[in-house]
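So you can see what is in the structure, the chains are spelled out below.
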Amino acid sequence: PSWRFKVRTYMRVISDSLPSLLGVKAFDKSKEDFFINLVNDTMKYREDNKVERNDFIQILMNLKKMDENMEIDPNNESHVILDDKLLAANTFIFFIAGFETTATTLTFCMFELAVNQEIQDKLRQEVQTTFEKYGAINYDSTKDMDYLDRVISETLRKYPIAGSVIRRCTKAWQVPGAKGKLEVGDRVVIPVYPIHHDPKYYPEP
């Protein structure tokens, strides 16, 4: 990441409204244009060629169509209009939150299975047993794999995708054993990695 990107990110951590007040965008215009064009071109191709797929883009297209068919009050500020930029933004967030995180988690999981033969064998046995029971590996059969769930959970404990997360307080809360009190609107930084590796929280991971 460039120093400009780091500054933009830091400004967003300090205040949600600060970048907007200064007219600073989260990403370069070239990246913004790329995702907007990607989504627009994909949607246009599907509409022109009557293509339908069971994916995230199709869900957004259906929502946009429903939105266009509704009579929208332009004075209603609470209504969100699904324009091209909003659709592209949702696609971008879905890509960042769903694609890279899954790939990274599975990479660490494969590494751990490679160096822990006993766990690998136990997981393989569960997969084989489940496959014999359902005749396929699908959504329902995967939900039935308890050991697989534990393997993924332990992978995420050891290698959390987000080193820390920022949340906003929605109601006043007295911090146990401290004088400090969280008020509505306060930003809270949760250090995920240190918590996951602290024996106080995970004495027997």
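Everything numeric here is computed off the predicted structure, so don't read it as measured data. (Residues numbered from 1 in each chain as written. Predicted model: local features only at pLDDT ≥ 70, side-chain atom pairs only at ≥ 80, totals over all residues. Heavy atoms only, no water.)

Q: Pulling in residues and values, what's your account of the overall build of the protein chain?
A: Helix and strand content of the protein chain: 9 helices and 4 strands. Ordered by position from the N terminus, the helices and strands of the protein chain form the series α-α-α-α-α-α-α-α-β-β-β-β-α. Taking 17 Å as the expected radius of gyration for a compact globule of 205 residues, we find that the protein chain reaches 23 Å, considerably beyond that expectation. In the protein chain, which comprises 205 residues, the proportion classed as buried is 18%. Here the analysis covers contacts within the protein chain between residues at least 6 apart in sequence; of these, 44% occur between residues at least 24 apart. Summed over its atoms, the accessible surface of the protein chain is roughly 15700 Å², and 59% of this surface lies on carbon and sulfur atoms. Side chains of the protein chain carry 28 positive and 31 negative charges; the gap between the two charge centres is 6 Å. (Helix = DSSP H or I, 4+ residues; strand = E, 2+ residues; numbered from the N terminus. Rg over C-alpha atoms; globule rule 2.2 N^0.38 Å. Buried < 20%, exposed > 50% of the residue type's maximum accessible area, 1.4 Å probe, protein only. Contact = heavy atoms within 4.5 Å. Areas by Shrake-Rupley, 256 points an atom, 1.4 Å probe, with all protein chains shown as cover. Lys, Arg positive; Asp, Glu negative; His and termini not counted. Charge placed at Lys NZ, Arg CZ, Asp CG, Glu CD.)

Q: Run through the side chain of Thr 91, naming residues and quoting values.
A: Mapped onto the fold, Thr 91 is located in helix α5 (residues 84-115). Contacts of Thr 91, omitting those with residues within four sequence positions, involve Val 39, Phe 56, Ile 57 and Leu 60.

Q: Which residues make up unusual backbone geometry, and what values go with them?
A: Among all residues save glycine, negative phi is the norm, and among peptide bonds the norm is trans. Although it is not a glycine, Lys 50 adopts a positive phi angle of roughly 55°. In this fold, Lys 50 is placed in the loop between α3 (29-49) and α4 (56-69).

Q: Quick one: what's the story with the packing of aromatic side chains, residue by residue and with numbers?
A: Tallying each qualifying case throughout the model produces 3 aromatic pairs. Between Phe 34 and Phe 35, the aromatic rings sit 5.4 Å apart at their centres with planes inclined by 90°, giving edge-to-face as the arrangement. Pairing Phe 56 with Phe 94 gives two aromatic rings, centres 4.1 Å apart and planes at 5°, and the pair type is stacked. With Phe 56 in helix α4 and Phe 94 in helix α5, this pair connects stretches of sequence that are 38 residues apart. Assessed through its relative accessible area of 22%, Phe 56 is described here as partly exposed. (Phe/Tyr/Trp six-rings, centres within 6.5 Å; stacked < 30°, edge-to-face > 60°.)

Q: Account for a nonpolar patch on the surface, with residues named and values stated.
A: A cluster of nonpolar side chains, Tyr 10, Val 13, Ile 14, Ile 166 and Val 189, forms an exposed patch at the surface whose accessible area comes to about 460 Å². The leading source of residues in the nonpolar patch is helix α1 (residues 3-14), at 3 residues. As for its placement among the helices and strands, Val 13 is situated in helix α1. Overall, Val 13 belongs to the partly exposed group, its relative accessible area being 33%. (Patch = residues over 30% accessible without salt bridge, like charges linked within 9 Å, V, L, I, M, F, W, Y side chains within 5 Å. Salt bridge = Lys/Arg side-chain N within 4 Å of Asp/Glu carboxyl O.)

Q: Talk me through the nonpolar core; I want residue IDs and the actual numbers.
A: Grouped together as the largest cluster of nonpolar side chains are 9 residues: Ile 36, Val 39, Met 43, Ile 57, Leu 60, Met 61, Leu 82, Leu 87 and Ala 88. Residue assignment for this core shows that the elements contributing at least two residues are α3, α4 and α5. Ignoring anything within four residues of it in the chain, the contact list for Met 61 reads Met 43, Arg 46 and Glu 47. (Core = buried A, V, L, I, M, F, W, Y, C linked by side-chain atoms within 4.5 Å.)

Q: Report on the side chain of Thr 105, specifying residues and quantitative values.
A: Secondary-structure assignment places Thr 105 in helix α5. Beyond its immediate stretch of four places on either side in the chain, Thr 105 contacts Ile 152, Thr 155, Leu 156 and Ile 161.

Q: An account of the pattern of salt bridges is requested, with residue identities and associated values reported.
A: Evaluation of the coordinates by the stated rule reveals 7 salt bridges. Residues Arg 46 and Asp 55 are paired through a salt bridge, measuring 2.7 Å at the closest nitrogen-oxygen approach. Relative accessible area serves as the criterion here: at 7%, Arg 46 is assigned to the buried category. Given the relative accessible area of 22%, Asp 55 is considered partly exposed. Between Asp 146 and Arg 150 there is a salt bridge, with its nearest N and O atoms 3.1 Å apart. Taken together, the positions of Asp 146 and Arg 150, both in helix α8 (residues 146-158) and 4 residues apart, correspond to about one turn of that helix. For Arg 150, a relative accessible area of 47% corresponds to the partly exposed category.

Q: Lay out helix α6 (residues 117-134) with the relevant residues and their values.
A: Think of an α-helix as turning once every 3.6 residues; residues three or four places apart then point the same way. If you check α6, its first and last C-alpha atoms are 26 Å apart, about what 18 residues at 1.5 Å a residue would give, namely 26 Å. All buried positions along α6 are accounted for by Gln 120, Leu 123, Glu 126 and Thr 130. Taken end-on, α6 shows its buried residues confined to a sector of 125°, consistent with a single buried face. Facing away from the buried side of α6 by over 90 degrees, the exposed positions are Glu 118 and Glu 132. Residues of α6 that are buried in the fold lie against α5, α7 (139-143) and α8. Once α6 finishes, Gly 135 follows within two positions and takes phi at roughly 80°, a positive value. (Expected span 1.5 Å × (residues − 1). Arc of directions from axis to C-beta.)

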